[in-house]
Each structure stands twice: as C-alpha cells, then as structure tokens.
Amino acid sequence: MQVRKTNNSTLRNHIFSVLILIMFLSSFIFAQNNGKTKITADVDSIAGIIDANIYGQFSEHLGSCIYGGIWVGKDSPIPNTNGIRNDVLEALKKLEVPLLRWPGGCFADEYHWMDGIGPKEQRPSMVNTNWGGVVEDNSFGTHEFLELCEMVGAEPYISGNVGSGTVEEFSNWIQYITSDGENPMANLRRKNGREKPWKVKYWGIGNESWGCGGRMRPEYYSDLVRRYTTFTKNYGDNRVYKIASGPNVDDTVWTEVVMKNAGKVIDGLALHYYTSNGKPAAQFEEKGWFEVIQKTLRMDDLIKMHSAIMDKYDPSKNVALIVDEWGTWHAVEPETNPSFLYQQNTMRDAVVAASNLNIFHDHADRVKMTNIAQMVNVLQAMILTDNEKMVLTPTYHVFEMYKEHKNSIRLPLNINTSDYVYDGESIPSVNGSASINSKGQIHVSLCNVNPNQSEKISISIKSFENKNVTARILTSEKMDALNSFDNPNNLVPTEFSDFSISKDKLEINMPAKSVIVFELEGKITSNIGAAIDVKNPKPKLEFKYHKGYFSNLPDFSILPVVSDGLIEQIKIPDESESSDFLVRYSGYVKILKDGFYNFYANSDDGSRLFIDGKRIINNDGLHAPIEVKGFASLLEGFHKIEVEFNQGGGGMELGVSIEGPEMKKQIIPANMLFHESK
Ligand code: AHR
C-alpha cells in the first residue's frame, strides 16, 4: 500500500498544528542537525526530453559479467532460458533496461565477431588479454547477445573492432545482423538459424581508441572514423547511429580534433569518466565517502567542458554526448581475481548513481545516452551473482526508483542548498532533478549526499497545484550499508512520509545520506497550451502542394501553390509526384484531456511540426526515414497544427504520431483533425 498525502484544508490545518508542535520541539532537539534547501521550478520553463537511453547499461566479456552473471548455458542447473539465467533476466525486465552496450570495453577491440557465430563446438577459443588472460570460448556471441536484448526488451548497442579489426569485418557485421537481402552475410545468418534480420541502430566505432583501443592520436582516429562510417551501410529501414570513441575524462584536445575532423559524419561522441577510488567498496570512513562523492560530481563540469567544444562545431546539437562508461571503480573485493573488477556496492554507490542521473538529466539537451559500467558483477553493478545466488545492489534500486524520468519532459530545478563540509572542503548537500510525464505527473528525485545532517527542504513549483504526493526513499543508518547474498534486502526502497503538502509547497525532512523520489499529482495551471476558439470546425486539414527541389525546408510563404485541398490525416497526398515537391498541412488538433503530449514526425525527407505557432519538431534535411520527437503541454480544446514536408528524391514517407494522457502512441487519427470552415 502506498502512503498518499492529500492537499485538503482540514487535513492541512491539522497537519499544520502538529507540524508547529514538532518544529517547536525539534528546534531544541535537532538545533544543529538540519541544513536548509530551497527548491523552485516553473512549469513554463520545461526543457527537452530526458532520453530513456540515459538509463543504458554496459555488459563486457570481463570477469563474470557475461559468463556466470548473464550466460550460464542451456545445460546449467541454474534455471535459464536458452542459456540466459532467469533470475537476472527477471530483474533486468523489472528495471526496464532501455539499451545494452556489448561486447566491450577494451574487449571490443580484440573481438572478432565471426568467432562467435555458428555451431558452438566449431567456435574457436581466444585469450581475453585485457581481462585476466582467461580463455574465451565464444559461446556467447552475436545471436546470444541479440536474443538477450530481445528478452529484456533493450535496444542493442554494439561496439565494433577498430583497434585490431578491419573495415570489412566491421561492415560485414552490420550486414550479417541487419540485412534482409541476398548477400553473403545475410545468407550466413540464415544458415546459422536466424531468418529475419535484427535491427541494430547503435554502433560504436571502436572503444577508447586513445588507449586500449589502439593508442591512437585524435587526428589519425578521426580519419579512421571517416573511413569506417563510409562503410557502415543502412540495410532496409535499419538506420545506423554512429558513435565515435570520445574523450578520456578531461581530454578536450580529443573532443576538439574529432569534432572538427569527423563531427559531420557521426551521431554521438562517447565520453568515459569513472569515479576511481583505489580503496575497497565497503570499508571506508567519512573521508572515503566525501572523496568519492566529490569526485563523482565532477561529471557535471566534464559534460559542460566537452559540450562547449561540441557547441562550437555542432551548435544545433545534432551530435550527442554519450557517456558510455561511468560509475565507481573501487578496489576489487578481497580474494577475487584482480582482473575481474568485482566490487561490492553500498549506500555510497547509490548516492553516486542518483547524483549522476540528476546531472545527466540537467544536460538532456546534449546527453542522449549513458551506460553505467557494468550491468552484472563488474564495477558499479546492478546485480551481483554467486553461482545460483543473486542480489540486487543499492545502485539497482536507484535505477528502479528513477525509471519514471525516462522519456519524460525535463523540468529544470533551481536548488539553493546548504554545504556539506568535510576537512575544509565543501560540496552541495542536496542535488536533484525533475520531470513531467505524459500523464502530467511530476517526479522529483533528490539526493542528500551529507552523511551526517538531515535537510529541511521546501519545493515550490510555479503553475502547478499539488493534490496527491507519494514518495519512496533509499537510506540507511550506515554509510557502508549493502546487500549481501545472506542479507539481500538490507537496503531496499521503502515508502517515505516525512513531508507535508499544501497547494503550492512541499516541505520535506530529508534524512542524511538518502535518495528520495516524489511523485506529484496535481493540476497544471500554466498558460502553456491554452485552447483556441475555432468558430466552425469541420473534419480534415487543409493542405497546399508545391513543386521544387530543396535540400532544406524553405520559407513556404513564397512558394507558388500548385494545388490545394482537404485531407483526413497528415500523409502524402495520393496525387503527388515521386520527387521534388513539398506539402504544407494546416488546421487544428482537438485535444480531449489536459496534459503533456508527445508528438513524433517520421519523414523521408525533411519535416517540421508546429503546435500553436511554436515549432516543436525539426526533422529537416534530405534523409531516409527518421523519427524526431517533440512535446507540448495542451489544455482541452482546439490547437493549431501545421506540418511542413519536403520530398527531394529517393524514398518518401511521412507520418505524424501523438501520445498523451490515456492515449497510446498512434498516428494522429482523423477524428482529432479539423479545419475552420469559412
Ligand atoms: O569497464 C572496464 C573498462 O574500462 C573497459 O573495458 C574500458 O573501456 C575502460 O577502460
């Protein structure tokens, strides 16, 4: 059962009197024990979408991440589905993992994918030189990985071998997985038992090419990126999203050179930053707590630093900054193989996870994907296993608590918090982030990094009236609390109720070293999306058809109209030519329920979508089908909708979808579209 706090005035008065009493008493008892934090936000300043892939994971052939942690083989006594352990699978499904990176890491640049396909007994073995020199028998290969992704419901992200591989090997891998045609690689895949191709959008052009991936200089690497991306082909409707190896921590020269020389041919640049700490994960005093949290907060500066360079070469933010390795890197657990990077995970790691996720949300305009290292049994893992036993770590619980932020609209927070001071140095006590989902619920996630002091927090959100608030907390008495195989539920989220609400404020007593996620239900009172009075609405939109070849969408007002008419939905008019034309649709979309709506424009070539005169989607350019998402907060009633479409040649496609309160994602149906009859 969930504790739900309701804003009703009798209850409020009652709570108020009790609060006054508690405050009076606590001013004696806890006089030095409370910091103060003031948080404000404004629904009118919503900014972009928090990409679900920020919650991506990483699985490498390293230690017992794959073998033992995920893959036990079909004949194992550990319950499994086609070789993948069931307990881990269930835990990952519950986490709703959006994306999984594989096969490395450093392993990727010595992995030859053809060794990992075909009958198991014929697959050659190799030595995993990066991680302990163990024998890799290649029993978990491309098919097994992609089946794992299908079972979990995660998108695959494959890192190709640039360090010791060839362009041919890389491009053959893409053909093997994604092509439905008659060619050697697709035929080989069919021979190996998979008729239909998989879709794999995300491909890494090497890993840490400045280090274990080949010790390259950025000039040389950027040339390789240009070469490799030339041969990353799109088969059918699979569109390859190319991710270049990015900077190591603060190597701004790498970012500068790669963006300058190869920024136009990539979709993402991968930053790696670990919170490294050469000491054990679960034995530390406050010094160790402070140092690790202080180091991890550096992620914010690193993102700002690299984003500033990317802004110079890519002001429209077409290239994403992808933090595809991050997390704590402690000393390995005693009596474990030092090359296997197996570490425990405590309340401190939970605070690291929460703080980083809050930072990533703050940079959602540039950071579109991150992959914590690693999913099972390695570094800051979600899951630890020991033969048939499995335990979920505090980090897992943070990811689970935060999952409502995925694909929601970022609501920026202004946080004015106290300092957590240790040994003359200070960091902010509270960090946080917030988002609004398509049901209009606001989720606020807060992290109090101070291990000694609770925090009195007030949150006011302009243009939002609180009605019901629920919350879950992850906290512990001890900084080094953890979940062990003998005590797996020592640190798990529980309901949190030490807060009060009024219409416009939330007052919280946030315990020391804690992570809390609030779910706020209420009313959005903002002016955004006020409905328009349409005098005489009639079904269908108006469209105007123009001729001409443009590489980008032009100013439609100066184009001569070749023909016009009414159309039920936003689709390419039947009588259109096959190339060199443009269409502009205009009219009204009828919204039945107040709330946040996501819109999606999928087009080949360019398109733009405007709601109430504001451009919310820019999918411009000459390209294969690409879907771009935008959002709007809309009140019930009519809203102006305009779509511009350009067909420059080759394939052509146009579809505009909507998703909102009690509405699954769907092509905007004809019964929502109108024009004004004169
Ligand atoms: O995650 C462990 C290793 O850290 C990865 O293999 C490598 O990319 C990074 O240095």
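Worth saying up front: this structure is predicted, and the values here are computed from it rather than measured.

## Quick word on the packing of helix H9 (residues 298-313) against helix H10 (residues 347-362)
- Closest axis-to-axis distance for the H9/H10 pair is 9 Å, and the angle between their directions is 25°. It follows that H9 is roughly parallel to H10 by the angle criterion. By crossing handedness, the relation of H9 to H10 is classed as right-handed. Contacts between H9 and H10 involve Met 299, Asp 300 and Ile 303 on the former and, on the latter, Asn 356, Ile 359 and Phe 360.
- Taken together, the residues of the contact of H9 with H10 sort by class into 4 nonpolar, 1 polar and 1 charged.

## A look at the packing of aromatic side chains
- Tallying each qualifying case throughout the model produces 26 aromatic pairs.
- On the numbers, 6.0 Å between centres and 65° between planes, the contact of Phe 170 with Trp 203 is edge-to-face. With Phe 170 in helix H4 (residues 167-178) and Trp 203 in strand E10 (residues 202-205), this residue pair connects regions lying 33 residues apart in the sequence. Here the two residues Phe 170 and Trp 203 agree in accessibility, since each one is buried.
- Summarising the aromatic geometry, the rings of Phe 170 and Tyr 228 are spaced 5.5 Å apart at their centres and angled 80° between planes, so their arrangement reads as edge-to-face.

## Quick look at the site of the ligand
- Residues in contact with the ligand amount to 13 residues; listed here are only the nearest, Glu 60, Cys 106, Glu 208, Tyr 274 and Glu 325.
- With respect to the ligand, the side chain of Glu 60 contributes an N or O atom lying 2.7 Å from an oxygen atom.
- Between the ligand and the protein, one listed contact pairs an oxygen atom with a side-chain N or O atom of Gln 374 at 3.0 Å.
- Taking 280 Å² as the accessible area of the ligand by itself, protein coverage stands at 93%.
- Here the shell around the ligand is built from residues that sort into 7 nonpolar, 3 polar and 3 charged.

## Topic: the packing of helix H6 (residues 218-230) against helix H7 (residues 252-262)
- Put simply, H6 and H7 touch, their axes get as near as 9 Å, and they point 35° apart. Crossing geometry of H6 relative to H7 is assigned as right-handed. Across the interface between the two elements, Pro 218, Glu 219, Tyr 221, Ser 222, Val 225 and Arg 226 from H6 touch Trp 254, Val 257, Val 258, Asn 261 and Ala 262 from H7.

## What to know about the domain arrangement of the chain
- By domain assignment, the chain separates into domain 1 (36-47 + 411-524), domain 2 (52-406) and domain 3 (537-676).
- On a C-alpha basis, the centres of domain 1 and domain 3 stand 39 Å from each other.
- At the interface, 7 residues of domain 1 touch 5 residues of domain 3.
- Note on domain 1 versus domain 3: buried area summed over both sides is about 540 Å², and carbon and sulfur give 75% of it.
- The largest share of the area that domain 1 buries against domain 3 comes from Ile 46, Ser 438 and Ile 524, three residues that together contribute 71% of it.
- In this assembly, domain 1 and domain 3 are joined by 0 salt bridges.

## Quick notes on the environment of Glu 333
- Structurally, the position occupied by Glu 333 is in the loop between strand E13 (320-331) and H10.
- For Glu 333, a relative accessible area of 15% translates into the label buried.
- Between the C-alpha atom of Glu 333 and that of Gln 344, which follows or precedes it by 11 residues, the distance is 7.0 Å.
- Setting aside residues up to four positions removed in sequence, Glu 333 forms contacts with Ala 281, Tyr 342, Gln 343 and Gln 344.

## Considerations on H10
- Counted at 1.5 Å a residue, the expected span for H10 with its 16 residues is 22 Å, and the 23 Å between its end C-alpha atoms agrees.
- In terms of residue burial, H10 counts as a mostly covered element, since 15 of its 16 residues are buried.

Calculation rules
Residues numbered from 1 in each chain as written. Predicted model: local features only at pLDDT ≥ 70, side-chain atom pairs only at ≥ 80, totals over all residues. Heavy atoms only, no water. Axes fitted to C-alpha atoms, helices over the stretch in contact; angles between N-to-C directions. Helix = DSSP H or I, 4+ residues; strand = E, 2+ residues; numbered from the N terminus. Parallel < 35°, antiparallel > 145°, perpendicular 65-115°, else oblique. Left-handed = near helix turned anticlockwise from the far one by under 90°. Contact = heavy atoms within 4.5 Å. Nonpolar A, V, L, I, M, F, W, Y, C, P; charged D, E, K, R; others polar. Phe/Tyr/Trp six-rings, centres within 6.5 Å; stacked < 30°, edge-to-face > 60°. Buried < 20%, exposed > 50% of the residue type's maximum accessible area, 1.4 Å probe, protein only. Near = heavy atom within 4 Å. Polar contact = N/O pair within 3.5 Å; in protein donor to acceptor, adjacent residues only side chain to side chain. Areas by Shrake-Rupley, 256 points an atom, 1.4 Å probe, with all protein chains shown as cover. Domains from an automatic or database assignment. Buried area = accessible area lost by both parts, 1.4 Å probe. Salt bridge = Lys/Arg side-chain N within 4 Å of Asp/Glu carboxyl O. Expected span 1.5 Å × (residues − 1).

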